[in-house]
Amino acid sequence: MLPKDVSKRRSEFHLLDVREMDEWDAGHIDGAQHIPLGDLGARLAEVPKDRVVVAVCRSGSRSDRAAKGLRLSGYQAENLEGGVTEWSRSGLPLVAKTGGDGRVI
């Protein structure tokens, strides 16, 4: 899914950020859930099934793997094309752990 489409229909989706903690701390989409990709299998029960899950990473590669795995586990899941890099390039906001403006690392 394209960032602008996800942003416009944000309430319809559950955003799941699968990046590492330092990437998350530097900048993430407000309201997203954070579970690093390596932990996702063990923490799958924390991901809600009542909405389409949009997996998020820096460029769309790790999140594509996450979305495929989620679908195999019975979730409705999509990948955020281009990840937070494209989200930011589209002029959409990221927040840092500190609460200020986020950045992509």
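Cut-offs used in this document
Residues numbered from 1 in each chain as written. Predicted model: local features only at pLDDT ≥ 70, side-chain atom pairs only at ≥ 80, totals over all residues. Heavy atoms only, no water. Phe/Tyr/Trp six-rings, centres within 6.5 Å; stacked < 30°, edge-to-face > 60°. Lys NZ or Arg CZ within 6 Å of the ring centre and 35° of its normal. Pairing = 2+ DSSP bridges. Helix = DSSP H or I, 4+ residues; strand = E, 2+ residues; numbered from the N terminus. Salt bridge = Lys/Arg side-chain N within 4 Å of Asp/Glu carboxyl O. Buried < 20%, exposed > 50% of the residue type's maximum accessible area, 1.4 Å probe, protein only. Core = buried A, V, L, I, M, F, W, Y, C linked by side-chain atoms within 4.5 Å. Contact = heavy atoms within 4.5 Å.

(A) Spotlight on the packing of aromatic side chains. Per the counting criterion, the structure on display carries zero aromatic pairs. One residue, Lys49, lies across the ring of Tyr75, its end atom 4.8 Å from the ring centre.

(B) The arrangement of the sheet that holds strand 3 (residues 52-56) in detail. Judged by pairing direction, the sheet is parallel, and its four strands sit side by side in the order 2-1-3-4 without closing on themselves. The sheet is open, and its two borders are formed by strand 2 (33-34) and strand 4 (77-79), each paired with just one other strand. Direction of pairing for strand 1 (residues 13-17) relative to strand 3: parallel, over a ladder of five bridges. Considered in strand 3, the bridge of His14 is made with Val53.

(C) Region of interest: the pattern of salt bridges. Considering all chains together, one arrives at seven salt bridges under this definition. Salt-bridge contacts for Glu12 lead to Arg9; the nearest nitrogen and oxygen are separated by 2.9 Å. With relative accessibility at 36%, the residue Arg9 sits in the partly exposed group.

(D) Spotlight on the nonpolar core. Val6, Phe13, Leu15, Ile29, Val54, Leu80 and Trp87 are the most contacted members of the largest nonpolar core, which totals 15 residues. For this core, the secondary-structure elements that each account for two or more residues are strand 1, strand 3 and helix 5 (83-89). Examining the composition of this core, we find that three residues originate from one element, strand 3, more than from any other. Beyond its immediate sequence surroundings of up to four residues, Leu15 is in contact with Val6, Arg10, Ile29, Ala32, Gln33, Val54 and Val56. Leu40, Ala66, Ala67 and Tyr75 belong to the second largest nonpolar core, which has 13 residues in total.

Everything listed is a geometric property; what it means functionally is a separate question.
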